[in-house]
Amino acid sequence: MIYYIIFSILALFSFTDVWQDKRYSKLAFIVSFFILFLFGSLRLDTGWDFATYRFYFNKVDTISIFLTNGFSPLVYFDLGFKFLISIIKSIGLGFQTLIFICNLFVIYCVYSFINRHIEYKNSAILLFYSLCYLFINFSILRQGIAAGLVLLAIDSYFNKRNLKVLIYLLTATLFHFSAIIFLPLIFLSTIIKIKKGFFITILLIITIFAISHISIFEVFYNIFHSFLPQGLNQKIEFYINSTRFGASRTIGFGFIEKLFFLSIMFHYLFIQKNNNRSLNLIALLLLSYFAIYILFIDIQAIYTRLKFYFMVIASCYYPLFIYNILNRKNSRSLGVIICILFSFINLYNTLRFEANAVVFMPYQSVLTELPSYLNLDYYRIDRAQEIIQNNQK
């Protein structure tokens, strides 16, 4: 299967991170860029987004009509994404160009950030592929672009370019409004210094709420619902009254994974004393990731709108924490193996889910013969959604 073939290649590349001769690591990093870029750009009717985005692509107006008639009100996409589609259509290009541009932008942002700030580059790419790639490159194009812009904002924050941080984050909200969450988080990182006691306290509070089975979301909603708009209240009550509400409240692999990586991050920051301005922000973001996971664990529809931003960031930094807890050179190969196993588990869990298997397999490329079902709108995605609905009964 092609997904596991690519995984195997990236896994082999990750070993070059611990070799003394860094030329191999640099070469592997470049080769992997082209592998992921071409794999994502040449896809056809593969992924959760393809049929839906193709449908709405046809509904967005060209730029002259777009600006005159109110920005294609029948299309629910955020303004920035509709504007991008409008420009593409205005110069006579098609839907596959949108796939190409979005994939190129996301891959560029991820690779640029990793190249500038991450020591173990190929291990970070392996984790990005297993944790995020099939979603922000194959399933949520708008949020993929927003995630790329968030990485650019974090890069600007590291370089103390505050105006650029603001511009990138505001632009990200034009592609997916959920990116607004990073405005307060990055601001807080400038005034809050993450110290040992603070880190432990926040981690303990989150863990206690997780194992107590108290729905933090429901508690907050009962306190503040009178201040919320009626339409939002109705939507939240729909989620709360759903039979799926609370169905995900189990301490499983996701909880253990986050607790484990926060623990070794604590070791890296405070035992090995590597804390600085940049890592202060990363610590706040990963603590926020854990908190958001517990806050919205009852409502996966909200959690999934937020988690991929944090998963991209986590995939960049997890190898750093793993390799440095195994700080002897002879132990770094064990760190590579741990990264590979963790990546494999995540990729396997993604592809073994029946609905995901429908939309991702078989992989279809523009270079191969068109599938016979391509003109039957939503064939693969409809089948996948039917599976999800049946599982929820």
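Located above this text is the structure these notes cover.
Conventions adopted
Residues numbered from 1 in each chain as written. Predicted model: local features only at pLDDT ≥ 70, side-chain atom pairs only at ≥ 80, totals over all residues. Heavy atoms only, no water. Helix = DSSP H or I, 4+ residues; strand = E, 2+ residues; numbered from the N terminus. Buried < 20%, exposed > 50% of the residue type's maximum accessible area, 1.4 Å probe, protein only. Contact = heavy atoms within 4.5 Å. Areas by Shrake-Rupley, 256 points an atom, 1.4 Å probe, with all protein chains shown as cover. Phe/Tyr/Trp six-rings, centres within 6.5 Å; stacked < 30°, edge-to-face > 60°. Core = buried A, V, L, I, M, F, W, Y, C linked by side-chain atoms within 4.5 Å. Expected span 1.5 Å × (residues − 1). Arc of directions from axis to C-beta. Polar contact = N/O pair within 3.5 Å; in protein donor to acceptor, adjacent residues only side chain to side chain. Axes fitted to C-alpha atoms, helices over the stretch in contact; angles between N-to-C directions. Parallel < 35°, antiparallel > 145°, perpendicular 65-115°, else oblique. Left-handed = near helix turned anticlockwise from the far one by under 90°. Nonpolar A, V, L, I, M, F, W, Y, C, P; charged D, E, K, R; others polar. Patch = residues over 30% accessible without salt bridge, like charges linked within 9 Å, V, L, I, M, F, W, Y side chains within 5 Å. Salt bridge = Lys/Arg side-chain N within 4 Å of Asp/Glu carboxyl O.

Counting secondary structure elements, the chain contains 19 helices and zero strands. Burial analysis of the chain (393 residues in total) assigns 52% to the buried set. If you take every contact in the chain between residues at least 6 apart in sequence, the share linking residues at least 24 apart comes to 76%. With an accessible surface of roughly 18800 Å², the chain has 64% of that area assigned to carbon and sulfur atoms.

In this description, an aromatic ring pair is defined by two values, namely the gap between the centres and the angle between the planes. Considering all chains together, one arrives at 36 aromatic pairs under this definition. Here Phe 33 and Phe 37 contribute two aromatic rings whose centre-to-centre distance is 6.2 Å and whose plane-to-plane angle is 20°, an arrangement assigned as stacked. On the criterion of helical spacing, the pair formed by Phe 33 and Phe 37 is a turn pair, its members being four residues apart in helix α2 (residues 22-41). With a relative accessible area of 10%, Phe 37 lands in the buried category. The interplanar angle of 75° and the centroid separation of 5.4 Å between the aromatic rings of Phe 182 and Tyr 309 together place this pair among those described as edge-to-face.

Our next topic: unusual backbone geometry. Unusually for a residue other than glycine, Lys 160 sits at a positive phi of about 60°. For Lys 160, the location among the structural elements is in the loop between α8 (141-158) and α9 (162-175). Classification of Lys 160 by relative accessible area gives exposed; the value is 62%.

Leu 36, Phe 81, Phe 199 and Tyr 317 are the most contacted members of the largest nonpolar core, which totals 124 residues. Among the elements that take part in this core, helix α16 (residues 300-325) stands out by supplying 16 residues, more than any other. Setting aside chain neighbours within four positions, we find Phe 81 in contact with Tyr 53, Leu 98, Cys 102, Leu 141, Arg 142, Ile 145, Leu 174 and Phe 175.

The next thing to look at is helix α1 (residues 2-14). Taking 1.5 Å of rise per residue, the 13 residues of α1 would be expected to cover 18 Å, and the 18 Å separating its terminal C-alpha atoms lies within 8% of that figure. Tyr 3, Ile 6, Phe 7, Leu 10, Ala 11, Phe 13 and Ser 14 are the residues of α1 that are buried. Axial view of α1: buried residues confined to an arc of 155°, hence all on one face.

With respect to the helices and strands, the residue Tyr 318 is situated in helix α16. Remark: the alpha-carbon pair of Tyr 318 and Cys 339, spanning 21 residues in sequence, is separated by 8.3 Å. Ignoring any residue separated from it by four or fewer positions in sequence, one finds Tyr 318 in contact with Leu 127, Glu 257, Phe 261, Tyr 289 and Phe 342.

Here the focus is helix α14 (residues 253-271). In a regular helix each residue adds 1.5 Å, so 19 residues correspond to 27 Å; α14 covers 26 Å between its end C-alpha atoms and thus fits that length. Those residues of α14 lying buried are Phe 255, Glu 257, Lys 258, Phe 261, Leu 262, Ile 264, Met 265, Phe 266, Tyr 268, Leu 269 and Phe 270. Positive phi appears at Lys 273, one or two residues downstream of α14, with a value of about 55°.

Mapped onto the secondary structure, Asn 122 falls in helix α7 (residues 121-136). When its relative accessible area of 2% is taken as the criterion, Asn 122 is described as buried. Taking the C-alpha atoms as reference points, Asn 122 and Ser 32, separated by 90 residues in sequence, lie 8.2 Å from one another. When sequence neighbours within four positions are dropped, the list of residues in contact with Asn 122 reads Phe 13, Ser 14, Thr 16, Asp 17, Ser 25, Ala 28, Phe 29 and Ser 32. At 3.2 Å, the side chain of Asn 122 and the backbone nitrogen of Phe 29 are in polar contact.

Moving on to the packing of α1 against α2. Two numbers describe how α1 lies on α2: the axes approach to 10 Å, and their chain directions differ by 165°. In this view, α1 runs roughly antiparallel relative to α2, as classed from their interaxial angle. Of the two possible hands of crossing, α1 and α2 adopt the one that is left-handed. Residue-level contacts link Ile 2, Tyr 3, Ile 6, Ile 9, Leu 10 and Phe 13 of α1 to Ala 28, Val 31, Ser 32, Ile 35, Leu 36 and Phe 39 of α2. A breakdown of the residues in the contact of α1 with α2 according to their chemical character gives 11 nonpolar, one polar and no charged.

Among the surface-exposed residues, Phe 83, Ile 87, Ile 91 and Leu 93 lie close enough to one another that they form a single nonpolar patch of about 360 Å² accessible area. Along the chain, Ile 87 turns up in helix α5 (residues 79-90). Here Ile 87 falls in the partly exposed class, since its relative accessible area comes to 37%.

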